[in-house]
Amino acid sequence: MSDLYFFNSQQTKYVRFSKEAYEHIVSYSQYRCFSKEAGGELFSTFIEGENIYIELASGPHNKDKRRRASFNQNTKAATDVRKTMFSIGMYPVGMWHTHPERHPTASTLDRNTTIKYLKSLEDTISQYAMVICGNSKRSPTITVEVVQKTNSLNYQWQSFKRDLVDN
C-alpha cells in the first residue's frame, strides 16, 4: 500500500497519510465490544502548501484515560511526545482517535478540542486535521476534517473523502 489521499469536495486540497500513520490509526479500531477508544497526535516534517501530509501518528499512551466511548489524552505524555517530535524536526498537524461506530462523526467536544489544539500552536500553522477511525470490519472507515483559522475569532471546517484510486 502506498500513501492514501483524502480530498475536499472541490478536489482542490488533500490530506495525505503515510502507510505507517494510516496503519497505526486503523490498528486501534474498536472491533470488539470491550475495546476502548484510543487516540493521539499526527505529525509531519513539512506542510504541503494548503495540504496536510501526515507522516506519523503517536499514541495512545499508557497514562491516557480510555473508555468505550471516551478518550482523554494524558497532557504530560502528549507534551513529552510533542517535544521529542520537535527535536527531530516533526510538527503537529492534527489529532486522531477512534469511535465505536461504523461511520464516525465528530462531536461538538471533538471539534472544540481540535480548535483548542490549533490555538495552542499559536501562529505556527493555520490549519489542523481531525481524524476519527470507525469500526467497520470490511474496510476501516475514516472521517477526516480540517479546521482552518480564518481570523483570530473564526474557524472554518472542511470535510475530506478518500480517493478511491490508490496513488
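See the structure shown above.
In this text the structure is predicted, and so the values were computed from the model without any measurement.

### A word on the side chain of Glu-41
Here is step 1: Tracing the sequence through the fold places Glu-41 in strand β3 (residues 39–44).
Here is step 2: The buried category is assigned to Glu-41, whose relative accessible area is 3%.
Here is step 3: A polar contact is formed between the side chain of Glu-41 and the side chain of Tyr-128, at a distance of 2.6 Å.
Here is step 4: In this view, Glu-41 contacts Leu-56, Ala-57, Ser-58, Gln-73, Arg-82, Pro-92, Gly-94, Met-95, Trp-96, Tyr-117 and Tyr-128; residues no more than four positions away in its chain are not counted.

### Some points on the sheet that holds strand β10 (residues 142–149)
Here is step 1: Sheet architecture is open: nine strands sit in the order β4-β2-β1-β11-β10-β9-β8-β3-β5, paired in mixed fashion. The outermost strands of the open sheet, each flanked by one partner alone, are β4 (52–54) and β5 (56–57).
Here is step 2: One ladder, built from three bridges, connects strand β2 (residues 14–17) with β4; its direction is parallel. Each bridged residue has a counterpart across the sheet, and for Val-15 the counterpart in β4 is Ile-52.
Here is step 3: With respect to the sheet, helix α2 (residues 75–87) is in contact with β3, β5, β8 (91–98) and β9 (127–133), its orientation differing from that of β3 by roughly 15°.

### Focus on helix α1 (residues 19–26)
Note on helix geometry: an α-helix contains 3.6 residues per turn, so any two residues three or four positions apart are oriented the same way.
Here is step 1: Along α1, the positions that sit buried rather than exposed are Ala-21, Tyr-22, Ile-25 and Val-26. Seen from one end, α1 has its buried residues packed into an arc of 125°, which puts them on one side.

### Concerning the side chain of Ser-44
Here is step 1: One can find Ser-44 in strand β3.
Here is step 2: Overall, Ser-44 belongs to the buried group, its relative accessible area being 1%.
Here is step 3: Of note is the side chain of Ser-44, whose polar atom sits 2.8 Å from the backbone oxygen of Tyr-53.
Here is step 4: Within the structure, the side chain of Ser-44 is placed 3.1 Å from the side chain of Glu-55, a separation counted as a polar contact.
Here is step 5: Ignoring sequence-local partners within four residues, the contact set of Ser-44 consists of Tyr-53, Glu-55, Gly-89, Met-90, Tyr-91 and Val-93.

### As for the environment of Val-144
Here is step 1: Structurally, the position occupied by Val-144 is in strand β10.
Here is step 2: Under the relative-accessibility criterion, Val-144 is labelled buried at 1%.
Here is step 3: Along the primary structure Val-144 and Lys-161 are separated by 17 residues, whereas in three dimensions their C-alpha atoms are 7.0 Å apart.
Here is step 4: Residues within four places of Val-144 in sequence aside, it is in contact with Phe-6, Val-15, Phe-17, Met-130, Val-131, Gln-158, Ser-159 and Phe-160.

### So, the pairing of β2
Here is step 1: Of the two faces of β2, the one carrying Tyr-14 and Arg-16 and the one carrying Val-15 and Phe-17 are both buried.
Here is step 2: Of the pairings in the sheet, the one linking strand β1 (residues 4–7) to β2 comprises four bridges and is antiparallel in character. Bridging from a neighbouring strand, Phe-6 pairs with Val-15 of β2.
Here is step 3: Counted along the chain from β1 to the antiparallel partner β2, the turn is six residues long, and its residue Gln-11 has a positive phi close to 60°.

About the thresholds
Residues numbered from 1 in each chain as written. Predicted model: local features only at pLDDT ≥ 70, side-chain atom pairs only at ≥ 80, totals over all residues. Heavy atoms only, no water. Helix = DSSP H or I, 4+ residues; strand = E, 2+ residues; numbered from the N terminus. Buried < 20%, exposed > 50% of the residue type's maximum accessible area, 1.4 Å probe, protein only. Polar contact = N/O pair within 3.5 Å; in protein donor to acceptor, adjacent residues only side chain to side chain. Contact = heavy atoms within 4.5 Å. Pairing = 2+ DSSP bridges. Axes fitted to C-alpha atoms, helices over the stretch in contact; angles between N-to-C directions. Arc of directions from axis to C-beta.

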